[in-house]
Amino acid sequence: MAATATNRVWSSRFAFLMASVGFAVGLGNIWRFPYQVGENGGAAFVLVYLACAVLIGAPIMMAEVLIGRRGQLSPPEAMRKVALEAGRSQQWKWVGAMGLSAAFLIEIVYSVIVGWVLFYLFKAVSSGFSGVDSGLAQAQFSGMLADPAGLILWTGIGLLVTGYIVYSGVQGGIEKAVTLLMPTLFSLLLVLAIYNVFAGGMGAAIRWLFTPDFSKINGGVLLAALGQSFFSIGVAMGGMMAFGSYLPKQVSIPRSALIIVLADTLVAVVAGLVIFPAVFNNGLDPAAGPGLIFQTLPVAFAQMPGGRFFGILFFLLLAVAGITSMVGLVECLVCWIEDRFGVSRHRAAWQVMSVIALLSILSVLSYNLLAEYRLGGRDLNALLDYVSNQLLLPLGGLLIAVFAGWALSRSMSSDELAFAGTRWFGIWYFLVRYLVPPSVLIIFVLGISA
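This text gives an overview of the structure that appears in the document. Bear in mind that the values here come from a model prediction, so they are computed numbers and not experimental data. (Residues numbered from 1 in each chain as written. Predicted model: local features only at pLDDT ≥ 70, side-chain atom pairs only at ≥ 80, totals over all residues. Heavy atoms only, no water.)

## As for the overall build of the protein
And then number 1: A count of helices and strands for the protein gives 19 helices and zero strands.
And then number 2: For 450 residues, the compact-globule estimate of 2.2 N^0.38 gives 22 Å, and the C-alpha radius of gyration of the protein, at 21 Å, lies within 12% of that figure.
And then number 3: Along the longest, intermediate and shortest principal axes, the C-alpha atoms of the protein span 65 × 50 × 45 Å.
And then number 4: Taking all 450 residues of the protein together, 60% fall into the buried category.
And then number 5: Pairs at least 24 apart in sequence give 83% of the contacts found in the protein among residues at least 6 apart.
And then number 6: Surface summary for the protein: the accessible area is close to 16,600 Å², and the carbon and sulfur share equals 67%.
And then number 7: Separation between the mean location of the 24 positive side-chain charges and that of the 19 negative ones in the protein comes to 9 Å. (Helix = DSSP H or I, 4+ residues; strand = E, 2+ residues; numbered from the N terminus. Rg over C-alpha atoms; globule rule 2.2 N^0.38 Å. Buried < 20%, exposed > 50% of the residue type's maximum accessible area, 1.4 Å probe, protein only. Contact = heavy atoms within 4.5 Å. Areas by Shrake-Rupley, 256 points an atom, 1.4 Å probe, with all protein chains shown as cover. Lys, Arg positive; Asp, Glu negative; His and termini not counted. Charge placed at Lys NZ, Arg CZ, Asp CG, Glu CD.)

## A closer look at the packing of helix H5 (residues 93–126) against helix H15 (residues 307–341)
Geometrically, a packed helix pair is captured by the angle between its two axes and the distance between the axes.
And then number 1: Running from N to C, H5 and H15 cross one another at 160°; their axes reach a closest spacing of 9 Å. Looking at the two axes, H5 sits roughly antiparallel to H15. Between H5 and H15 lies a crossing whose hand is left-handed.
And then number 2: Of the residues contributing to the contact of H5 with H15, the split by class is 25 nonpolar, five polar and two charged. (Axes fitted to C-alpha atoms, helices over the stretch in contact; angles between N-to-C directions. Parallel < 35°, antiparallel > 145°, perpendicular 65-115°, else oblique. Left-handed = near helix turned anticlockwise from the far one by under 90°. Nonpolar A, V, L, I, M, F, W, Y, C, P; charged D, E, K, R; others polar.)

## Some thoughts on the side chain of asparagine 29
And then number 1: Looking at the secondary structure, you find asparagine 29 in helix H2 (residues 27–39).
And then number 2: Note on asparagine 29: relative accessible area 0%, which makes it buried.
And then number 3: Within the structure, the side chain of asparagine 29 is placed 3.0 Å from the side chain of serine 232, a separation counted as a polar contact.
And then number 4: Here the side chain of asparagine 29 touches aspartate 264 through a polar contact of 2.8 Å, landing on its backbone oxygen.
And then number 5: Apart from residues lying up to four places away in sequence, asparagine 29 is in contact with Ala24, Pro34, Ser232, Asp264, Val267, Ala268 and Ala271. (Polar contact = N/O pair within 3.5 Å; in protein donor to acceptor, adjacent residues only side chain to side chain.)

## Comments concerning the nonpolar core
And then number 1: One finds Trp10, Trp116, Phe314, Phe315 and Trp428 to be the most contacted residues of the largest nonpolar core, which totals 164 residues.
And then number 2: Among the elements that line this core, the one with the most residues is H5, at 19 residues. (Core = buried A, V, L, I, M, F, W, Y, C linked by side-chain atoms within 4.5 Å.)

## Focus: empty space enclosed by the protein
And then number 1: Evaluated as defined, the whole model comprises two cavities of 30 Å³ or more.
And then number 2: Volume-wise, the largest cavity comes out at about 80 Å³.
And then number 3: Mapped onto the lining of the largest cavity, the elements with two or more residues apiece are helix H1 (13–24), H2, H5 and H15.
And then number 4: Per-class residue counts for the lining of the largest cavity are eight nonpolar, four polar and no charged.
And then number 5: Taken as a whole, the second largest cavity spans an internal volume of roughly 40 Å³.
And then number 6: As for the second largest cavity, its lining consists of Leu192, Asn196, Val274, Ala278, Leu297, Ala300, Phe301 and Met304.
And then number 7: At three residues, the largest contribution of residues to the lining of the second largest cavity is made by helix H14 (residues 292–303). (1 Å grid on protein atoms, 1.4 Å probe; cavity = no way out; pocket = protein on both sides within 12 Å on 5 of 7 lines; lining within 4 Å. Points joined across faces, edges and corners; volume = space filled by probe spheres on them.)

Shown next as structure tokens:
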């Protein structure tokens, strides 16, 4: 069976960690987190996000990985297999299918954003953002969105690279793509944050990120923070469950999950310290939305000593981070097609990538030629973002927690997680049973009714 093939197992714990961190740490941290902070009131959002990541996201991630490793199959098939082993209905497979649906919808929009990054990488190499001020940066960003042919080109390049990595397999493709490049990305982010200490704007950025105004917290902010924590960590979108199915038994799930959440959260905060100093130092709007990173960093690089060098490296590694996240989103879909239809990885990879490539064209066009078309008051990209991040991810996370806390036996969970002590397992079990489900449900209801 495809699931037990030798090319579908991690060669080491480090490889699993780097792949999982590569999946979790991507544009969700460096592109999405800063503008979500800007749109949702700064530090109050950060605090809610951190609470959601640690108390809700981490327990669900552990549940996802344990289900994947226990099932040794793609998310829907793993959910079905583990449910039957626990004496439960095989209809739990639809929770795994919900994760695949979220991954598919996210990938359609996400691939276009990676195309933005590749375009800016090209600009960094060709011009180094020489002479770019805030007005020119905004005009450049608007011009990019207005050019459908250019966007399709750069989106296609990102999809080709992603498809090649997935096509090459777990060890031959994914591992090689993440074990070298992810540590480099972390180092560069840290260097850029340190540079901002001396360049100016760091004080205002710290106040913005870490001085909360709790009056700004409402149902919409709570749901946005929960959705961001799920999006950023990679919860309930199939990738962690698929990666877990490749995980050797001797690797500790709790320790790995905590490292992934810590690395992910640290990168998100450091990304804020990279971007917001440039925002405040150049009089830009912190609530500029999805274009925030693309309208601030070119200005900063234009003024920075060695800015061309840092600009090239930043957008190169940002592209790598985006592509490694795309790999995780695609991998769970490819894994499912392999298991469900018994086709080769090569054929499954190209089938998935072809469908995503075609649908990504609609995402591209919604920024220009189809920009005036609305469904439920939202353009296509906003609608896909709402359905995936504020509906499917919270609902998927809720159901995964219910499955792990109430459908699985305590002994099955304990056997897979293998905590160092019973007290730590008891804490996880309490969280996944009694805290996570009602918290996610309450936040979900408050958010959609806001």
